[in-house]
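Geometric and topological summary
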Amino acid sequence: MARLGALLMLASAAAYLLASPAFVAPPRSSGLPEIDVRVAAATAAGLAPLSLEQPAGAYDSVVAMLQSWLVGGTVLTVIFAAAIIAAAANPLTKRRQEVQNMMNKK
């Protein structure tokens, strides 16, 4: 008897879940979207700084960026060139090579 009651409860719960609607449509509106004044004011306040900037400002910033890259690249090239010259003209390396040659001759 207990099994029959549990089976009956399970069947009724399944029927209840399967019979319920899966999607509930939203209520119908008037067709025209409502315009919130606060959203419009926030949008206008957010876009206000863009109206102050002139289009030539973008060109100037790109030119400044390219110039900074050229200066940075030149500085890096000079640093690497100095490191290569220092490595080639290292007096310790030259002295070690001289001592090694002297030891090989003996």
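Residues numbered from 1 in each chain as written. Predicted model: local features only at pLDDT ≥ 70, side-chain atom pairs only at ≥ 80, totals over all residues. Heavy atoms only, no water.

1. What to know about the overall build of the protein
- Along the protein, the regular secondary structure elements total four helices and zero strands.
- Counted from the first residue to the last, the protein has its helices and strands arranged as α-α-α-α.
- Element-wise, carbon and sulfur atoms account for 71% of the exposed surface of the protein, whose accessible area totals about 10300 Å². (Helix = DSSP H or I, 4+ residues; strand = E, 2+ residues; numbered from the N terminus. Areas by Shrake-Rupley, 256 points an atom, 1.4 Å probe, with all protein chains shown as cover.)

2. Some words on the pattern of salt bridges
- Enumeration according to the criterion identifies two salt bridges in this entry.
- Asp-36 is the salt-bridge partner of Arg-38, the closest N and O atoms lying 3.3 Å from each other. (Salt bridge = Lys/Arg side-chain N within 4 Å of Asp/Glu carboxyl O.)

3. Focus: a nonpolar patch on the surface
- On the surface, Val-71, Val-75, Leu-76, Ile-79 and Phe-80 cluster together into a nonpolar patch covering about 490 Å² of accessible area.
- Position of Val-75 among the secondary structure elements: in helix H3 (residues 56-88). (Patch = residues over 30% accessible without salt bridge, like charges linked within 9 Å, V, L, I, M, F, W, Y side chains within 5 Å.)

4. Focus on helix H2 (residues 37-52)
- Its 16 residues place the ends of H2 23 Å apart at the C-alpha level, agreeing with the 22 Å of an ideal helix rising 1.5 Å per residue.
- Maximal helix bending in H2 amounts to about 30°, located at Gly-46; proline Pro-49 follows within four positions.
- Burial analysis of H2 places just zero of its 16 residues in the buried class, a small minority of the element. (Expected span 1.5 Å × (residues − 1). Bend = angle between axes of the 7 residues up to and from the residue. Buried < 20%, exposed > 50% of the residue type's maximum accessible area, 1.4 Å probe, protein only.)

5. Describing the confidence of the model for the protein
- Overall, the predicted model of the protein reaches an average pLDDT of 82, with 87% of residues at or above 70.
- The least confident element of the protein is helix H1 (residues 2-19), whose mean pLDDT is 81; the most confident is H3, at 88. (pLDDT = per-residue confidence, 0-100.)

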